[in-house]
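The chain contents come next:
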Amino acid sequence: MKEILDAILSSDSTSADFANVKLPESYRAVTLHKDEEQMFAGLASRDKDPRRSLHLDDVPLPELGPGEALVAVMASAVNYNTVWSSIFEPVSTFGFLERYGRLSPLTKRHDLPYHVLGSDLAGVVLRTGAGVNAWKPGDEVVAHCLSVELESSDGHNDTMMDPEQRIWGFETNFGGLAQLALVKTNQLMPKPAHLTWEEAASPGLVNSTAYRQLVSRNGAGMKQGDNVLIWGASGGLGSYATQYALAGGATPICVVSSPEKAEVCRAMGAEAIIDRSAEGYRFWKDEQNQDPREWKRFGGRIRELTGGEDVDIVFEHPGRETFGASVYVTRKGGTIVTCASTSGYMHQYDNRYLWMSLKKIVGSHFANYREAWEANRLVAKGRIHPTLSKVYSLEQTGQASLDVHQNRHQGKVGVLCLAPEEGLGVRDAELRAEHLPSINLFRELDERSVQTSRDL
């Protein structure tokens with residue numbers, strides 16, 4: 001592994017050097033163990049600790065197949081799917097691996113008693129399989145997490161519609177929270193040259209997800225002048241939605257849960273902010289019954305911030321806790337677009353406010369190839385910025401996942417894999433200098449919050 005890292009850190013390594021570097025028989029990776037699937041049985045979700053289920057193991061190097069690449073991973077990131085995997089909710093990911101393994105002799109490689117997690121990476125191509133022409137050893141890349149087979153016509157208009165669509169590192173094995181990763185080469189995109197490895201790794205999943213959900217015609221199709229309600233607007237997903245709303249001429253109404261998170265949104269440029277904790281919104285009376293009076297109070301607050309207008313789009317991902325309110329506050333003919341259910345999958349809402357007001361609920365899941373590429377292109381041009389707030393070592397991935405699970409984080413949480421330290425990998429210092437305040441925004445606010453806590 002040292003030879004690989006030395007080649008990456010050297011300024012004069014060639015493609016031939018990477019093609020000839022010796023590959024190890026095994027590598028270090030963050031894994032789940034199949035024989036621990038029931039370790040949290042009987043516990044509430046909030047009591048399940050990813051530090052118990054996530055392991056750092058030496059695992060064998062997988063066989064490289066046609067159309068695939070082996071990538072040296074310099075950095076990765078933690079997403080909610082890492083948390084869901086680590087607490088085996090809503091189901092164990094080993095079921096995904098078993099089903100994928102039945103598809104072909106090649107996919108059988110993924111059905112193992114361990115699961116290497118991670119749906120983000122920034123790194124360097126080491127090897128490519130048969131039939132690959134667009135990428136070569138030594139290319140600096142990031143990877144999006146869409147894995148498809150494209151043997152059915154269903155996926156050729158929108159790759160997300162492929163019947164064999166999966167999320168790499170969640171529904172497949174050999175993910176990015178590791179020193180090496182195995183990806184399909186059509187997942188690869190150029191690494192933004194002005195970013196460090198850890199910064200470049202952090203946008204992938206959430207940036208593409210927010211792009212499809214909010215901007216794409218496959219999602220809400222946001223336009224200039226729209227009012228966009230964004231739940232969790234300072235978080236890993238919401239922080240990109242906030243940037244897209246601002247960049248696209250819309251007005252984000254940012255919902256957060258603390259003054260610190262409100263400050264993050266103001267620093268991004270948002271003005272309409274609701275601190276739901278400070279204002280005491282309680283959308284559920286008890287476990288079975290919602291409180292429509294709270295929906296109405298929430299809608300009234302939104303109108304105060306928008307000059308009397310309702311929201312055109314709701315950027316939904318909390319799910320059960322907020323969905324009834326989301327449907328209620330959307331304007332007539334508006335759109336609720338949902339991509340997740342971090343507070344629960346069984347949504348309840350009053351259908352009168354949907355059907356009688358001609359509103360739409362749109363399901364959105366990650367992004368197709370083109371959407372992922374466009375989202376990455378905006379990052380590479382400095383139009384959308386990484387929202388990295390904190391970086392952990394590979395050994396600390398369990399703690400990083402716990403922090404995300406308990407909503408202690410702002411923006412995205414990064415993980416160093418092969419990179420020996422932060423700050424490496426910048427190739428375009430001029431573009432970086434132009435955007436440095438925006439690139440560092442979430443880290444500086446996180447450090448300020450930590451210092452304030454210490455002072456108190």
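Provided above is the structure to which this section pertains.
Criteria and cut-off values
Residues numbered from 1 in each chain as written. Predicted model: local features only at pLDDT ≥ 70, side-chain atom pairs only at ≥ 80, totals over all residues. Heavy atoms only, no water. Core = buried A, V, L, I, M, F, W, Y, C linked by side-chain atoms within 4.5 Å. Buried < 20%, exposed > 50% of the residue type's maximum accessible area, 1.4 Å probe, protein only. Helix = DSSP H or I, 4+ residues; strand = E, 2+ residues; numbered from the N terminus. Contact = heavy atoms within 4.5 Å. Salt bridge = Lys/Arg side-chain N within 4 Å of Asp/Glu carboxyl O. Pairing = 2+ DSSP bridges. Axes fitted to C-alpha atoms, helices over the stretch in contact; angles between N-to-C directions.

**Student:** Can you walk me through the nonpolar core in this structure?
**Tutor:** Across soluble globular proteins, nonpolar side chains have a tendency to be buried as a group. Counting 114 residues, the largest nonpolar core has Leu188 and Tyr244 as its most contacted members. Counting 20 residues, the second-largest nonpolar core is a separate cluster that includes Leu229, Val255, Tyr281 and Val311.

**Student:** What is the right way to read the environment of Leu229 from this model?
**Tutor:** As for its placement among the helices and strands, Leu229 is situated in strand E11 (residues 227-231). The exposure class of Leu229 is buried, given its relative accessible area of 0%. The contacts of Leu229, once residues within four sequence positions are left out, are Ile253, Val255, Phe298, Ile302, Val311, Ile313, Val314, Phe315 and Val329.

**Student:** Any chance you could explain helix H8 (residues 238-247) here in plain terms?
**Tutor:** The periodicity of an α-helix, 3.6 residues per turn, causes residues three or four positions apart to be oriented the same way. Judged by how many residues are buried, H8 sits mostly within the fold: eight of ten residues are covered. Listing the buried residues of H8 in full gives Gly238, Ser239, Tyr240, Ala241, Thr242, Gln243, Tyr244 and Ala245. Of the residues one or two after H8, Gly249 is the one with positive phi, at around 80 degrees.

**Student:** Would you mind going over the pattern of salt bridges with me for this structure?
**Tutor:** Side chains that differ in charge, positive against negative, can pair when their charged atoms come close. Applying the stated rule across the entire model yields 29 salt bridges. Close ionic contact of Lys2 with Asp6 constitutes a salt bridge, the shortest N to O distance being 2.8 Å. One end of the pair, Lys2, and the other, Asp6, are both in helix H1 (residues 2-9), four residues apart, so they sit about a helical turn from each other. Residue Lys2 is classed as exposed on the basis of its relative accessible area, which comes to 61%. Relative accessible area serves as the criterion here: at 38%, Asp6 is assigned to the partly exposed category. Between Asp139 and Lys136 there is a salt bridge; the shortest N-O distance is 3.1 Å. Of the residues examined, Asp139 reaches a relative accessible area of 16% and is grouped as buried. Via salt bridges that share partners, Glu198, Glu199, Glu422, Arg432 and Arg443 belong to a single interconnected network.

**Student:** Looking at this structure, I do not really get the sheet that holds E11. What am I missing?
**Tutor:** By way of backbone hydrogen bonds, the strands of a sheet pair with one another, either parallel or antiparallel. Here we have six strands laid out as an open sheet, ordered E13-E12-E11-E14-E15-E16, and parallel in their pairing. Two strands bound the open sheet, and with one partner strand each, they are strand E13 (272-275) and strand E16 (360-363). Geometrically, the sheet is characterised by an average inter-axis angle of 20 degrees between neighbouring strands, direction not taken into account. Together, E11, strand E12 (251-256) and strand E14 (311-316) form the strand contacts of H8, whose direction differs from that of E11 by roughly 165 degrees.

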